[in-house]
Amino acid sequence: MVAYSTDDNGIPAPSDGLSQSVGPNGPLLLQDHFLIQKMAHFNRERVPERVVHAKGGGAFGELEITEDVSQYTKADLFQKGKKTPLLLRFSTVAGELGSADTARDPRGFALKFYTEQGNYDIVGNNTPIFFIRDPSKFSDFIHSQKRRADNQLRDHNMQWDFWTLNPESAHQVSFLMTDRGTPKTWRHQHGFGSHTFLWYNANGEKFWVKYHFKTEQGIENFTAAEAKAFEAEDPDLHRRDLWESIKKGDYPAWTVNVQIMPFEDAADYRFNPFDLTKVWPHADYPEITIGRFVLNRNPENYFAQIEQAAFSPSSLVPGIAMSPDKMLQGRLFSYPDTQRYRIGPNYLHLPVNQPKSPVNSYNFDGPMAYRYGSDPVYAPNTVGGPAADPEFHKGESYHVAGEIVRSAYDLHKEDDDFGQPRALWEKVLSETDRANMVSNIVGHASAPEVTADMKKRVVEYWTNVHPDLGAGVAKGLGVQA
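Overview of the structure. Bear in mind that the values here come from a model prediction, so they are computed numbers and not experimental data.

**Examining the overall build of the chain**
Then step 1. A tally of regular secondary structure across the chain gives 12 helices and 12 strands.
Then step 2. Against the 2.2 N^0.38 benchmark of 23 Å for 481 residues, the chain shows a C-alpha radius of gyration of 23 Å, consistent with a compact globule.
Then step 3. Principal-axis analysis of the C-alpha atoms gives the chain an extent of 75 × 60 × 45 Å.
Then step 4. A separation of at least 24 residues holds for 74% of the contacts in the chain among residues at least 6 apart in sequence.
Then step 5. Surface accessibility of the chain: about 21800 Å² in total, with carbon and sulfur atoms responsible for 53%.

Here it is in structure tokens:
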């Protein structure tokens, strides 16, 4: 008999992969203490480096909005003509602090905008999608990418074990196994907000939005062999390239595009628009250019300004709110909780994390308190302390209803796990891209620890994406298709 899973109190877990939500499509619940314990423990597994996105680098710059999008959002930083200082941190996901920049991995693309209404963070990747759609699976996914408990070695077999048991991963793994999994530099890659967010305008009208940051340097990637060579030649290649480019005045820039979906379209759109493993086809919702940003200043001290930089999707300014994307809902808790553990409860007092706008918070004291206020230290009060103004966030609310359940999303009419990666293979990749993708998969799944049974599952996984892809992988692995 297989042992049942429990929380750390020994209480049987109700699910290993489904968070509690209001109906299949609604927001997650704070009462889901199984999810919270799982995420909170995961956030405390390492000290002091980040558990994920440990190796990285970044720079400061400026966002300029060139188009009028006030009909979609009242967010101050997105008004035409507005210029906003920013910090951008790039990173790899799975590797430790000393790992090589050129490893096959998604790249973190984390932006902090120092707006006049507080800091706004977009914590995305260089891919528009992710491996999973429920945060309850996140720590398990990362564990499969990290080191084994017994010998402390990375293990490709357990990576494929997780991926093949979670077919929702196929879209992101497809991206990862193309040459976009090994970008030439941080400057030569796109960035994405990845999640769906809510925008609301001054009249309270609501829209769903996705962010796209298009490199103006052009997309350039390494082949697997080139990337592998640089692991030994210069493991800090990407960090070095960004620093030196900015130092000599070759400032990298990205065009800022958005996709806008009318609020009502989401209910019966052909794909679930909040599923992080899916994109919105551009034929349905074209990208709209709204501005650009430039990186033009290197940090003066890497530890103070990059290593201690703390990002969170919960840092939302008026005019922008969260969607019922379950992964986003989980990250709203997980990211600031991680920072309170990793840096301390007053991490927002550090200069790199401090907003440029006034802070009138009733939070006070705690370790390493730097910014402090005076009495009153509670609300409400009768002595003239600051008071909340609901008008700032008027327009962000919307109706949800449903039974409290642990459920996957309701399927929309064209929802499945393999359709979009199949479209990537058929309609986006060139013949060279396809050949390299097959080679990259075969190389990864040929690691000595990958078992014969796992190789069969790998072939089945890719055959579900496309028969030609599966056949190529089968041939490379010496497995009967």
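**Notes on the pairing of strand S10 (residues 288-297)**
Then step 1. Of the strand pairs in this sheet, strand S2 (residues 56-65) and S10 are connected by six bridges, and their pairing is antiparallel. From the neighbouring strand, Leu-63 faces S10, where its bridge partner is Phe-293.
Then step 2. In the sheet, strand S9 (residues 253-262) pairs with S10 via six bridges, with the strands oriented antiparallel. In the strand pairing of S10, Thr-255 is matched with Arg-292.

**Here's the deal with helix H8 (residues 326-342)**
Then step 1. With 17 residues, H8 extends 24 Å between its outermost C-alpha atoms, agreeing within 8% with the 24 Å of an ideal straight helix rising 1.5 Å per residue.
Then step 2. Approximately 30 degrees is the largest bend angle found in H8, and it occurs at Leu-332, with the proline Pro-336 only one to four residues beyond.
Then step 3. The buried fraction of H8 is high, at 14 of 17 residues.
Then step 4. The N-terminus of H8 is capped by Asp-325, whose side-chain oxygen sits 2.9 Å from the backbone nitrogen of Met-327.

**Some words on the environment of Tyr-347**
Then step 1. Its location among the elements puts Tyr-347 in the loop between H8 and strand S12 (404-406).
Then step 2. On the accessibility criterion, Tyr-347 (8% relative accessible area) is buried.
Then step 3. Each C-alpha atom, one on Tyr-347 and one on Asp-101, is 27 Å from the other, the two residues being 246 residues apart in sequence.
Then step 4. Sequence-distant contacts of Tyr-347, that is, excluding residues within four places in its chain, are made with Ala-310, Pro-336, Gln-339, Arg-340 and Asn-353.

**Considerations on helix H1 (residues 33-43)**
Since there are 3.6 residues in each turn of an α-helix, residues three or four apart along the chain are aligned in direction.
Then step 1. Of all the residues in H1, the buried ones are Phe-34, Leu-35, Met-39, Ala-40, Phe-42 and Asn-43.
Then step 2. Along its buried surface, H1 packs onto helix H2 (138-145), H8 and S12.

**Remarks on the pairing of S9**
Then step 1. Burial analysis of S9 places eight of its 10 residues in the buried class, which makes it a mostly covered element.
Then step 2. Across nine bridges, strand S8 (residues 206-215) lies against S9 in antiparallel orientation. Among the inter-strand pairings, Tyr-211 is bridged to a residue of S9, identified as Val-258.

The rules we used
- Residues numbered from 1 in each chain as written.
- Predicted model: local features only at pLDDT ≥ 70, side-chain atom pairs only at ≥ 80, totals over all residues.
- Heavy atoms only, no water.
- Helix = DSSP H or I, 4+ residues; strand = E, 2+ residues; numbered from the N terminus.
- Rg over C-alpha atoms; globule rule 2.2 N^0.38 Å.
- Contact = heavy atoms within 4.5 Å.
- Areas by Shrake-Rupley, 256 points an atom, 1.4 Å probe, with all protein chains shown as cover.
- Pairing = 2+ DSSP bridges.
- Expected span 1.5 Å × (residues − 1).
- Bend = angle between axes of the 7 residues up to and from the residue.
- Buried < 20%, exposed > 50% of the residue type's maximum accessible area, 1.4 Å probe, protein only.
- Polar contact = N/O pair within 3.5 Å; in protein donor to acceptor, adjacent residues only side chain to side chain.

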